[in-house]
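# Geometric and topological summary
What follows is the residue order along each chain.
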Amino acid sequence: MPFRSAAPTRRRLAALGLATALALTLPGPLASAAAPQDRPTASVDPLIGSANGGNTYPGATRPYGMISWSPTSTTGDQTNTGAANGYAYNTTRIRGLSLTHVNGAGCHPGAAGDVPIMPFVGDVTSSPSADTKDAVYASDFRHDNERAVPGRYTLGLDSGATADLAVSRRAGVADFGFPAGEAASLLFRTSNSLNGSEDAHVEIDRAHRKVTGWVLTGAFCGRRANGGTNNRKSYYKLYFSASFDRDFASYGTWKDATVSPGSTSADGGEGYATGADRAGRGSGGWVGFDTASDNDVHMRLGISYVSLKGAETNLREEIAPRASVDAVAAEASRDWDRELSSVKISGGSDAQRTTFYTALYHSLMQPNIISDTDGRYPGMDGAPHRLARGQSAQYSNFSGWDQYRAQIQLLALLKPKVAGDFAQSLYNFARQNDGVWDRWVHISGATHVMTGDPSAATLATFYAMGVRNFDYEGAFESLARQATEPRDAGLSDAGCPGQCEGQRPNLAQYLTSHYAPQDVCHCWGGAAETLEDSVADAALGSWAKLLGKEKQAAYFTERGTWWRNVFNADTGYVQARNVDGSWVTPFSPGSDLGFAQGTSATYTWMVPQDVQGLADAMGGRETAASRLDGFFHKADGSWSVKGGDALRYDPTNEPGIHAPWLYNALGQPWKTQATVREIVDTVYGTGPSGLPGNDDLGTMSAWYVFSALGLYPKAPGSADLLLGAPLFPHAVVDRPGRTDLVVDAPAADDTHAYVSGVRLDGRVHDRSWTDADFLRTGGTLSYRLTDRPDTAWATDPAGLPR
């Protein structure tokens, strides 16, 4: 589509020529449905999840990239944005193109959105920070003038300015276009991160055509008031260095309401304030260009969390001096194709392939590199560090409570080297943080967000699934200490609920009561904390067994059964208890009292490590399966899988996302097959609303990837996989150096959603799960699918998932 621009020069025409190139076309299939995708990027639509609360972003990024260059939208309030992570499909006004983002986090605003760079048509006559309603230094746009493909993002603004962005992992290049003959500037809004900033600095070097600076920012969830000073633990500095291919015709800076044409330096953040208190504060700078004969501006930019020198080195190491946007975008596309080719699928419709490969794309956006090309990174102790021996990169952005349920398993399956480096990264942070493993790590900071001990579940899962390139002995002992040695922070209510300071809250009482008492737990919710810790402890027990630590294995495995202490046999639901043993009342299955972002009706199923025990507590597998039927269906038998009912399945949040797969352990696997297919077909899809809710750093996308393959992780700390009905006739999980995993289901289509038989490497497989041998040795799963439930396959009680 054409952009609004006047009399483009030859260079501008070259930049706009990419409108007809592959990178600017809407994603669509390049390969026939009968063959695997040679270029899976052709089936990726980064705009999926940008509406309906998915909170994804469409901008340019690489797999696990440090930089993610994407718009920050505005609804007329400079202290807020259209969506949690800066971009909302239905908000078509932006105030800048920011350098960092987090994929799918749910808090509003979430985190990052650092250093928005805004192409502005007009003269800078007032302070952009004083433009508190984003009335002047922002612009509308139309989606007809927007294109997003992996590694590249292009936007035409109604002002007539255009931006074409492409990135490496730590750097990027951009072509900005302006209407010929009109005033043209680039605004560097250094203080305007999504959560504001404590301080910021910008420096303009006219002689060398450079703009450099940094922002001191952080926090999470919009600096939640209950987080208090704890939010400062997650502060970081982001440095940037931008260089241009042409001289500046004008330049200046601003601070708060004061604008200073001709100034080359400015400092000042929005202060540690929230909401309207931030309005009108901050600093930044601009550079202007003469568009009379040339209205295209080419910029190269590097970023670093360590230093300005690191940002410049990252740029120099990753992007050639004269690299064009086309060249960098082409390499980005090749990079994404390599990553996405980890899973090769055949068959299915165009829409199914787009949904699948976009879900895989979102799953592999994180973790995110925070180390520079020289191996330096910011530690959780506030000091710079270097990579551990054998470590390729330091990673961060760990949404633990979300990710340990699906995204972590997918990372271990597809990218074990990245998974190992991520595990080492988390261990590095813990050692720099007095042995404390934080639940939600952003850059180099502890945010304390959510509940439970997801680090234990995560690293145990990595090890179980064969990841070995990290100090697993040291990590295990560190996590075991966190689970057994009480700390003073565990008695603090700072940050509660949501960001409770203690990582194992009131551990001494937990070890005495064998549950987290609601009245003295110092946690978000006692029942949820008990379930989360039971999952984590069971995972530690499994890990200890694999390490040959039999005594610790027995101890933690037994702790993994403590969920029973919050299961009320009288109500048949998990329920919070007080320290004296009494049940917290009044009680309702639809209440969230004692829980975190969910109700008792959902959390009661959150015992993936002991499904048989849960069934026994409910009165047996038949009774449990009947209750599970009511979790997915209304009283009239119709499906209820889209959320909005406190008593039924919620696909938008994590505590219950494993529940469709529980039927396998209850001896009714055909109901797993029907339920998963219903969710795949009705909750996920193409278009901006194609995700059910927050992607939560790839978690919801990973759920879809597994489900479409007909596989799902049984429980944290395990390499067992549950079997469902594959969506595609053929899929190959490529594992370099190891035997591939192949899934063959020739009859797979919209009507054949049930399994009537499976062979593993040619041998009859009459169980609805595979054990660790399948991941260790690889092999081929061959499915016989039918169009109606087969109530005989994989139902023998002796062969049910353990």
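Note: the structure precedes this text.
Here's a quick rundown of the structure. Computed from a predicted model, the values in this text were never measured in an experiment.

What follows concerns the overall build of the chain. Of regular secondary structure, the chain possesses 18 helices and 35 strands. For 802 residues, the compact-globule estimate of 2.2 N^0.38 gives 28 Å, and the chain sits close to it at 26 Å. Projected onto the principal axes, the alpha-carbon positions of the chain cover approximately 80 × 60 × 55 Å. Put simply, the chain shows about 25500 Å² of open surface, and 49% of that area lies on carbon and sulfur atoms. Counting 70 positive and 86 negative side-chain charges, the chain places the centres of these two groups 4 Å from one another.

With the rule as written, the count across this model stands at 2 disulfides. Between the sulfur of Cys496 and that of Cys500 lies a disulfide, 2.1 Å long from S to S. Around the S-S axis, the bridge from Cys496 to Cys500 shows a dihedral of about 140° and counts as right-handed. Here the two residues Cys496 and Cys500 agree in accessibility, since each one is buried. Here Cys521 pairs with Cys523 through a disulfide, and the sulfurs are 2.1 Å apart. Looking down the S-S bond of the Cys521 and Cys523 bridge, the torsion is -100°, so its handedness is left-handed. Taken individually, Cys521 and Cys523 each receive the classification buried, so the pair is uniform in this respect.

This part covers the sheet that holds strand β23 (residues 398-399). Whenever strands of a sheet pair, they do so through backbone hydrogen bonds, lying parallel or antiparallel. The antiparallel open sheet is built from 3 strands, whose spatial order is β23-β24-β25. Of all the strands in the sheet, just β23 and β25 (445-446) have a single pairing partner and so form its edges. Looking at chain direction, strand β24 (residues 440-442) and β25 are connected through 2 bridges and run antiparallel. Looking across to β25, one finds that His442 is bridged to Gly445.

This next bit is on the environment of Arg95. Along the chain, the position of Arg95 falls in strand β3 (residues 93-98). Using a relative accessible area of 2% as the deciding quantity, one classes Arg95 as buried. Sequence spacing of Arg95 and Ala327 is 232 residues, and the spatial spacing of their C-alpha atoms is 27 Å. Among the polar contacts made by the side chain of Arg95, one reaches the main-chain carbonyl oxygen of Gln78 at a distance of 3.3 Å.

If you want to describe how two helices pack, look at the angle between their axes and the distance between the axes. The interhelical angle for the contact between helix α14 (residues 611-618) and helix α15 (residues 621-632), taken along N-to-C directions, is 90°, at an axis separation of 7 Å. Judged by the inter-axis angle, α14 sits roughly perpendicular to α15. Residues Gln612, Ala615 and Met618 of α14 touch α15, and the partners they reach there are Arg621, Thr623, Ala624 and Arg627. For the contact of α14 with α15, a count of residues per class yields 3 nonpolar, 2 polar and 2 charged.

Another point: helix α12 (residues 550-559). Note: α-helices contain 3.6 residues per turn, so residues at a spacing of three or four share the same orientation. Of the positions making up α12, those classed as buried are Ala553, Phe556 and Arg559. The buried residues of α12 all sit within an arc of 130° when viewed along its axis, so they share a single face. Set apart from the buried face of α12 by more than 90 degrees, the exposed residues are Glu550 and Lys551. Looking at the buried positions of α12, the neighbouring elements they touch are α9 (472-484), α10 (507-513) and α11 (526-546).

Turning our eyes to something else, we now look at helix α3 (residues 325-340). Taking 1.5 Å per residue as the helical rise, α3 with its 16 residues ought to reach 22 Å, and the 22 Å between its terminal C-alpha atoms agrees with that figure. Val325, Val328, Ala329, Ala332, Ser333, Asp335, Trp336, Asp337, Glu339 and Leu340 are the residues of α3 that are buried.

This brings us to the sheet that holds strand β30 (residues 730-733). The 6 strands are arranged β18-β30-β31-β35-β32-β33 in an open sheet whose pairing can be described as mixed. With partners counted over all chains shown, the strands left at the sheet margins are β18 (343-346) and β33 (763-764), one partner each. Note that β30 and strand β31 (residues 741-744) share 4 bridges and pair antiparallel. Within β31, the position partnered with Val732 by the bridge is Val742.

Within the element layout of this structure, Ser191 appears in the loop between β9 (184-188) and β10 (199-205). Ser191 gets classed as buried once you look at its relative accessible area, which sits at 0%. Beyond its immediate chain neighbours, meaning those up to four positions away, Ser191 contacts Ser129, Gly196, Ser197, Ala200, Val215, Gly268, Gly269, Glu270, Arg281, Gly282 and Ser283.

Definitions and limits used
Residues numbered from 1 in each chain as written. Predicted model: local features only at pLDDT ≥ 70, side-chain atom pairs only at ≥ 80, totals over all residues. Heavy atoms only, no water. Helix = DSSP H or I, 4+ residues; strand = E, 2+ residues; numbered from the N terminus. Rg over C-alpha atoms; globule rule 2.2 N^0.38 Å. Areas by Shrake-Rupley, 256 points an atom, 1.4 Å probe, with all protein chains shown as cover. Lys, Arg positive; Asp, Glu negative; His and termini not counted. Charge placed at Lys NZ, Arg CZ, Asp CG, Glu CD. Disulfide = S-S within 2.5 Å. Buried < 20%, exposed > 50% of the residue type's maximum accessible area, 1.4 Å probe, protein only. Pairing = 2+ DSSP bridges. Polar contact = N/O pair within 3.5 Å; in protein donor to acceptor, adjacent residues only side chain to side chain. Axes fitted to C-alpha atoms, helices over the stretch in contact; angles between N-to-C directions. Parallel < 35°, antiparallel > 145°, perpendicular 65-115°, else oblique. Contact = heavy atoms within 4.5 Å. Nonpolar A, V, L, I, M, F, W, Y, C, P; charged D, E, K, R; others polar. Arc of directions from axis to C-beta. Expected span 1.5 Å × (residues − 1).

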